[in-house]
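# Structural overview
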Amino acid sequence: MANTRDIRRRIKSVKNTAQITKAMQMVAASKMRKAQQAALAGHPYSEVLNRVLVSLRDLVSESAHPLLVARPVKKTLVLLVTSDKGLCGALNTNVLREAATLDVGATDFVASGKKGASFLARTGRNMIADFSLPDSPSFLQTKAISKFCLEKFLSGEVDRVSVLYPKFVNTLTQKPVLVPLLPISKETAAGHDHDDKSAGAQFLFEPDSDEVLNAVLPYYFHFTVFQMILDARASEQSARMVAMKSATDNAKGLVKDLTLEYNKARQASITTELLEITTAQMALA
Amino acid sequence: MATLHLEIVTPEARTFSGEAQMVVVPGVEGEIGILPDHMPLMTQINPGELRYTTPEGEHFLAVGSGFLEVLPDRVSVMTDMAVAEAEIDEKAAEEAVARARKEIAEKALAGEELAFVQASLLKSLAQLHVKRRSRH
């Protein structure tokens, strides 16, 4: 039977841990609400943007703009979005497991988030850039990342740009997904309800199609990356909240078990003491 | 009277979605008025004033730069800012204009940052324009 003082010490330390995880859970919960709101707010916008892109894609030929041209894929650039901090359950592990399956030789990586960067360095992958972002990044900040990727694609250094990030499904579920973004193909923009109203219609471009494509296509890319990073942030905070909640629950369970043990030990020592006293009395009598 | 479905979205929210009789948008090549059954059109828009008419009357919005897609029965406006006339804070807009002008004059901004400050200056000017014109 363990020493009562040891058990008391353990109860105290577990209670301390529970307090910390509880606090982290509260913080993550409030950050999660903000991050989810930010991620959801952009949805109508990207919906319309996607719809426009799908109809545009039907109208112009592939050679109309360099961002539309599919080249034979020799090199892929993957933007790896992870969190900076740990303690968010299996979120990063799941994303990195996905990253580990990618072909080492034919893939260049751009990391956003310390966890991803240290994974790439540890496993000796080809990391060409590492960007750090604050908790709630602005469009301008993520644009620096997307611009870097865009330039790599346009210069011909890579033939495809994809983003690997934890997609926010709901508070309990985050799914790592690899989404190809460049070249912009029908598949890139697909998956959104496409009505055929615009198909075959004669579109007017003002000032002309080149100018409009030049503005819309890079913007589409920048905005999609921005949206994905916001999504990853919402995932991170949700995962952290859930992980911290289960940590707090576990700690509470542990305290309960330890308290039971402590009481047993206390009772046993009292019984022994009583026995000793009675024995001594009987011996004297 | 025929109507078209107008949708105005910004990265932050869906500002307006509903039926309108006419829309006037600040395009890069000047103002464009759109009635139902307009030819399909795709263009960029500049910061400025957007007007649309519904049975309740005429509405004014200050919009930032973005894109416009016109289909015969639908108009989609994607912009980085859309503020209704009533919501514009004239004083705040004036301050923003002054601040942006000062930054451009004093700091040696370049590239992205300069473009960003210039864009926000144009947006604030558009807000002031919308707010003030409705007074005369």
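Here is what the cut-offs are and how they apply
Residues numbered from 1 in each chain as written. Chains lettered and ligands numbered in written order. Predicted model: local features only at pLDDT ≥ 70, side-chain atom pairs only at ≥ 80, totals over all residues. Heavy atoms only, no water. Helix = DSSP H or I, 4+ residues; strand = E, 2+ residues; numbered from the N terminus. Buried < 20%, exposed > 50% of the residue type's maximum accessible area, 1.4 Å probe, protein only. Axes fitted to C-alpha atoms, helices over the stretch in contact; angles between N-to-C directions. Parallel < 35°, antiparallel > 145°, perpendicular 65-115°, else oblique. Left-handed = near helix turned anticlockwise from the far one by under 90°. Contact = heavy atoms within 4.5 Å. Buried area = accessible area lost by both parts, 1.4 Å probe. Salt bridge = Lys/Arg side-chain N within 4 Å of Asp/Glu carboxyl O. Polar contact = N/O pair within 3.5 Å; in protein donor to acceptor, adjacent residues only side chain to side chain. Nonpolar A, V, L, I, M, F, W, Y, C, P; charged D, E, K, R; others polar. Pairing = 2+ DSSP bridges. Expected span 1.5 Å × (residues − 1). Domains from an automatic or database assignment. Phe/Tyr/Trp six-rings, centres within 6.5 Å; stacked < 30°, edge-to-face > 60°. Lys NZ or Arg CZ within 6 Å of the ring centre and 35° of its normal.

## Looking at the environment of Ser246 of chain A
Inspection of the secondary structure puts Ser246 of chain A in helix α7 (residues 209-284). Of the residues examined, Ser246 of chain A reaches a relative accessible area of 36% and is grouped as partly exposed.

## Comments concerning unusual backbone geometry
All names here are of chain A. Here Leu182 and Pro183 are connected by a cis peptide whose omega angle stands at -5°. Inspection of the secondary structure assignment puts Pro183 in the loop between β5 (174-182) and α6 (186-189). Unlike most non-glycine residues, Leu87 shows phi in positive territory, near 55°. With respect to the secondary-structure elements, Leu87 resides in the loop between β1 (76-81) and α3 (91-100). Taking relative accessible area as the criterion, Leu87 reaches 54% and is therefore assigned exposed.

## Considering the packing of helix α2 (residues 43-59) of chain A against α7 of chain A
What describes two packed helices is the angle between their axes and the distance between those same axes. Residues and elements named next belong to chain A. Between α2 and α7, the least distance of the axes is 11 Å, while the angle of their chain directions is 140°. Taken together, the axes of α2 and α7 lie oblique to each other. By crossing handedness, the relation of α2 to α7 is classed as left-handed. Of α7, the residues touching α2 (which contributes His43, Tyr45, Ser46, Leu49, Asn50, Leu53 and Leu56) are Leu213, Val216, Leu217, Tyr219, Tyr220, Phe223, Gln227 and Asp231.

## Some thoughts on the interface of chain B and chain A
Each side of the interface is counted separately: chain B has 27 residues, and chain A has 30 residues. Between chain B and chain A, the buried area comes to about 2500 Å², and carbon and sulfur atoms account for 65% of it. Glu7 of chain B is the partner of Arg51 of chain A in a salt bridge, and the nearest nitrogen-oxygen pair spans 3.7 Å. There are 2 residue pairs in polar contact (both at pLDDT 80 or more) connecting chain B and chain A. Broken down by secondary-structure element, the contributors of at least two residues to the side of chain B that touches chain A are β1 (4-9), β5 (41-45), β8 (66-71), β9 (74-79) and α2 (111-133) of chain B. Looking at the side of chain B that touches chain A, its residues break down into 14 nonpolar, 5 polar and 8 charged. Sheet topology places strand β6 (residues 204-206) of chain A next to β5 of chain B; 3 bridges connect them, and they run parallel. Looking at β5 of chain B, one finds that Glu206 of chain A is bridged to Thr43 of chain B.

## Concerning helix α1 (residues 4-41) of chain A
All names here are of chain A. With 38 residues, α1 should reach 56 Å at 1.5 Å per residue; the first-to-last C-alpha distance of 55 Å fits that figure. Within α1, burial applies to Ile7, Ile11, Val14, Ala18, Thr21, Gln25, Ala28, Ala29, Met32, Ala35, Gln36 and Ala39. Residues of α1 that are buried make contact with α2, β4 (160-168) and α7. The opening residue of α1, the one whose side-chain oxygen lies 3.0 Å from the backbone nitrogen of Arg5, is Asn3.

## Concerning the domain arrangement of chain B
Residues and elements named next belong to chain B. In terms of domains, chain B is made up of domain 1 (4-85) and domain 2 (88-135). Put simply, the middle of domain 1 and the middle of domain 2, counted by C-alpha atoms, are 22 Å apart. Across the interface of domain 1 and domain 2, roughly 960 Å² is buried in total on both sides, 66% from carbon and sulfur atoms. If you look at where domain 1 meets domain 2, you find 1 salt bridge. Among the salt bridges present, the one from Lys123 reaches Asp80, with a minimum N-O distance of 3.8 Å. In this assembly, domain 1 and domain 2 are joined by 1 residue pair in polar contact (both at pLDDT 80 or more). Looking at the side of domain 1 that touches domain 2, the elements that each hand over two or more residues are β6 (48-54), β7 (57-63) and β10 (82-84). In terms of residue count, β7 provides more of the side of domain 1 that touches domain 2 than any other element does, 4 residues in total.

## Quick word on the environment of Leu128 of chain B
Residues and elements named next belong to chain B. By the secondary structure assignment, Leu128 is in helix α2. Overall, the relative accessible area of 7% leaves Leu128 in the buried class. Between the C-alpha atom of Leu128 and that of Ala93, which follows or precedes it by 35 residues, the distance is 6.4 Å. For Leu128, the residues in contact, after removing those within four places along its chain, are Glu90, Ala93, Glu94 and Val97.

## Points about the packing of aromatic side chains
Describing an aromatic ring pair means giving the distance of the ring centres and the angle of the ring planes. As enumerated under the stated definition, the model contains 9 aromatic pairs over all chains in all. With a centroid separation of 5.7 Å and 70° between ring planes, the pair formed by Phe131 of chain A and Phe148 of chain A is classed as edge-to-face. With Phe131 of chain A in strand β3 (residues 126-131) and Phe148 of chain A in helix α5 (residues 139-154), the pair connects residues that are 17 residues apart, well separated along the chain. Members of the aromatic cluster, joined through ring pairs, are Tyr45, Phe139, Tyr219, Phe223 and Phe226 of chain A together with Phe67 of chain B. The ring centre of Phe153 of chain A lies 4.5 Å from the NZ or CZ of Arg71 of chain A, which sits over that ring.

## Some details on the pattern of salt bridges
Applying the stated criterion across every chain yields a total of 13 salt bridges over all chains. Across the pair Glu157 of chain A and Lys152 of chain A runs a salt bridge whose closest N-O atoms are separated by 3.0 Å. Looking at Glu157 of chain A, the relative accessible area reads 47%, which means it is partly exposed. Each of the salt bridges in this network shares a partner with another, and the network as a whole consists of Glu31, Glu49, Arg51 and Glu58 of chain B.

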